[in-house]
Amino acid sequence: MKIGIIGGGQLGRMLALAGTPLGQQFAFLDPASDACAAALGEHLCAAYDDREQLRQLAEDADVVTFEFESVPAETVAFLEQHVPVFPNAESLRIARDRWFEKSMFRELGIPTPEFADIQCQADLNNAVQNIGLPAVLKTRTLGYDGKGQKLLRQPEDVIDAFAELGSVPCILEGFVPFTGEVSLVAVRSRDGDTRCYPLVHNTHEQGILRLSVASTEHPLQAQAENYAGRVLDKLNYVGVLAFEFFEVDGGLKANEIAPRVHNSGHWTIEGAECSQFENHLRAIAGLPLGSTAKVGESAMLNFIGEVPAVAKVTAIPDCHLHHYGKEFKPGRKVGHATLRCTDAAVLQSRIAEVQALID
Ligand code: AMP
């Protein structure tokens, strides 16, 4: 079976690494000549709205999927006419726009921060009156890794905030005094079978994920699975979906969803019976899902900007290196390490060993 992937970055690369043993082949559409997934399949080097290359991809592939959500809507609509596409266009439409996303949470009764649609500075001034400060202004689309957002602490911060974010449609969210950030990676098959990985604790710095630690019997696991199930069923979703939550007042508030394999699920490559990448491929290919159970205590640390010396990373026991083969650049995710240990205390010391290399 041939899988077409829109995007040829590290997520596409890790999908291909997981799917090759299943006998799958891969083709990637990505305008970057140095797309790092290209080493693992055919590379259609073209813009995401290039009709000729999209037609070629649709003809060659048995099924098409995505490694990022901000794919042009016309691209998805065009592909859907020619080839099965998962997740579906509606899932991408909702997930790429924070207003649609949060409105869906509200409609499904899933707690989320207070929010308001912002089309101009006057909207922002009004919304701040209702929601109060501190609050977070975010562009509705195209924000990632903390980009496209601004924390408003005091009235002076509000004055030019809409222009500072580029005078594009935004939402204002109430600031959540969270005690932790967790994510749930869930997968739903073509026939509606749904499975979830254990909740993961995430630590961000400057808006970029640094560390994910898979939990054991998290008290909010059932609540998170319940919320994710509502979204998956509502969207008739097929594939992996990641759900990011704030932990606050002993419960969860939904932050956002990502309609794809997710950085906070990379630990599953070594840390779970069947990784998020393999399960995504199984789901979209119409295969039975694999077990999402943890196999030990597991964590993932991102390498941002550069990968430490390979010999040093691989010298750490229980440590698995994933080097994405990308050019090193400040702020860019270029690799990660997964740790899988037999007990939680050892895991903590291994995390410290990897962190020492990063520092
Ligand atoms: P996002 O791109 O929405 O995931 O936001 C990036 C990070 O900013 C989150 O992981 C949080 O650490 C922080 N953040 C986003 N929205 C809020 C909020 N409403 N309240 C508090 N912190 C937030």
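How each quantity is defined
Residues numbered from 1 in each chain as written. Predicted model: local features only at pLDDT ≥ 70, side-chain atom pairs only at ≥ 80, totals over all residues. Heavy atoms only, no water. Pairing = 2+ DSSP bridges. Helix = DSSP H or I, 4+ residues; strand = E, 2+ residues; numbered from the N terminus. Axes fitted to C-alpha atoms, helices over the stretch in contact; angles between N-to-C directions. Buried < 20%, exposed > 50% of the residue type's maximum accessible area, 1.4 Å probe, protein only. Arc of directions from axis to C-beta. Contact = heavy atoms within 4.5 Å. Core = buried A, V, L, I, M, F, W, Y, C linked by side-chain atoms within 4.5 Å. Domains from an automatic or database assignment. Near = heavy atom within 4 Å. Polar contact = N/O pair within 3.5 Å; in protein donor to acceptor, adjacent residues only side chain to side chain. Areas by Shrake-Rupley, 256 points an atom, 1.4 Å probe, with all protein chains shown as cover. Nonpolar A, V, L, I, M, F, W, Y, C, P; charged D, E, K, R; others polar. Phe/Tyr/Trp six-rings, centres within 6.5 Å; stacked < 30°, edge-to-face > 60°. Buried area = accessible area lost by both parts, 1.4 Å probe. Salt bridge = Lys/Arg side-chain N within 4 Å of Asp/Glu carboxyl O. Parallel < 35°, antiparallel > 145°, perpendicular 65-115°, else oblique.

(A) Spatial organisation of the sheet that holds strand S3 (residues 42-44). Strand order across the open sheet formed by four strands is S3-S2-S1-S4, with parallel pairing between neighbours. The open sheet has two edge strands, S3 and strand S4 (63-66), and neither has a second partner. Taking each pair of neighbouring strands and ignoring which way they run, the sheet shows an average axis angle of 25 degrees.

(B) Just helix H3 (residues 73-80), in detail. Of the positions making up H3, those classed as buried are Thr75, Val76, Phe78 and Leu79. The arc that holds the buried residues of H3, viewed along the axis, is 165 degrees, so those residues lie on one side. For H3, the secondary structure elements touched by its buried residues are strand S1 (2-6), helix H2 (51-60), S4 and helix H4 (89-95).

(C) Representation of the nonpolar core within the structure. Ranked by internal contacts, the top residues of the largest apolar core, which has 33 residues, are Ile3, Phe26, Trp267, Phe277, Leu281 and Ile284. Sorting elements by how many residues they give to this core places helix H1 (residues 10-19) first, with five residues. Here this core spans two domains, and each of domain 1 (2-85) and domain 3 (180-358) adds at least three residues to it. Leaving out residues up to four positions away in the same chain, Leu281 has contacts with Ile3, Leu15, Ala18, Gly19, Gln24 and Phe26. Within the second largest apolar cluster, 25 residues are counted, among which are Ile94, Ala186, Leu199 and Val231.

(D) The arrangement of the side chain of Arg260 in detail. Considering the arrangement of structural elements, one finds Arg260 in the loop between strand S14 (251-258) and helix H10 (268-271). For Arg260, a relative accessible area of 15% gives the class buried. Not counting chain neighbours up to four residues away, the residues in contact with Arg260 comprise Leu11, Phe66, Glu67, Phe68, Glu69, Tyr237, Val240, Leu241 and Ala242.

(E) Spatial organisation of the site of the ligand. Lys138, Glu173, Val176, Glu181 and Glu256 are the nearest of the 14 residues found near the ligand. Gly174 places a main-chain nitrogen or oxygen 3.0 Å from a nitrogen atom of the ligand. For the ligand, the accessible surface in isolation is 480 Å², of which the surrounding protein chains cover 89%. For the shell around the ligand, the elements supplying multiple residues, two or more each, are strand S6 (135-139), strand S8 (170-174) and S14. Of the residues in the shell around the ligand, the class split is five nonpolar, four polar and five charged. A domain-level breakdown of the shell around the ligand finds at least three residues from each of domain 2 (114-174) and domain 3 (180-358).

(F) Focus on the packing of aromatic side chains. Applying the stated criterion across every chain, the model contains eight aromatic pairs. Relative to Phe68, the ring of Tyr48 lies with its centre 5.0 Å away and its plane at 55 degrees, an arrangement referred to as tilted. Here Tyr48 is found in the loop between S3 and H2, whereas its partner Phe68 is found in the loop between S4 and H3, with 20 residues between them in sequence. Residue Tyr48 shares its accessibility class with Phe68, and that shared class is buried. Between Phe105 and Phe243, the ring centres sit 5.4 Å apart and the planes meet at 25 degrees, which makes this aromatic pair stacked. Taken together, the residues span a long stretch of sequence, with Phe105 in helix H5 (residues 98-107) and Phe243 in strand S13 (residues 239-248) at a distance of 138 residues.

(G) Focus on the sheet that holds strand S5 (residues 115-118). Ordered by their spatial adjacency, four strands build an open sheet running S5-S8-S6-S7, and the pairing between neighbours is antiparallel. Two strands bound the open sheet, and with one partner strand each, they are S5 and strand S7 (149-152). Taking each pair of neighbouring strands and ignoring which way they run, the sheet shows an average axis angle of 20 degrees. Pairing analysis gives five bridges linking S6 to S8, with the strands arranged antiparallel.

(H) Focus on the domain arrangement of the protein chain. Looking at the assigned domains, one finds that the protein chain contains domain 1 (2-85), domain 2 (114-174) and domain 3 (180-358). Using only C-alpha atoms to locate each centre, domain 2 and domain 3 end up separated by 29 Å. With four residues of domain 2 at the interface, the matching set in domain 3 holds five residues. Surface buried jointly by domain 2 and domain 3 totals about 310 Å² across both partners, of which 30% is contributed by carbon and sulfur atoms. Taken together, the connections running from domain 2 to domain 3 amount to zero salt bridges. Remark: the boundary between domain 2 and domain 3 carries one residue pair in polar contact (both at pLDDT 80 or more). A class-by-class count of the residues in the side of domain 2 that touches domain 3 yields no nonpolar, one polar and three charged.

(I) Up close: the packing of H1 against helix H11 (residues 276-284). At a closest axis distance of 8 Å, the pairing of H1 and H11 adopts a crossing angle of 75 degrees. When the axis of H1 is compared with that of H11, the two are roughly perpendicular. Contacts from Leu11, Met14, Leu15, Ala18 and Gly19 of H1 reach H11 at Phe277, Glu278, His280 and Leu281. Class assignment of the residues belonging to the contact of H1 with H11 gives a composition of six nonpolar, two polar and one charged.

(J) Expanded view of unusual backbone geometry. Omega for the bond connecting Phe86 with Pro87 falls within 30 degrees of zero, at -5 degrees, which places this linkage in the cis form. Along the chain, Pro87 turns up in the loop between H3 and H4. The omega torsion of the bond from Leu133 to Pro134 falls at -5 degrees, within 30 degrees of zero and hence cis. In this fold, Pro134 is placed in the loop between helix H6 (121-131) and S6. Even without being glycine, Glu217 reaches a positive phi, approximately 45 degrees. Along the polypeptide, Glu217 turns up in the loop between strand S12 (208-214) and helix H9 (221-234). For Glu217, a relative accessible area of 76% gives the class exposed. In this structure, Asp318 takes a positive phi of about 65 degrees despite not being glycine. Here Asp318 shows up in the loop between helix H12 (310-314) and strand S16 (319-323). Residue class for Asp318 comes out partly exposed when judged on its relative accessible area of 30%.

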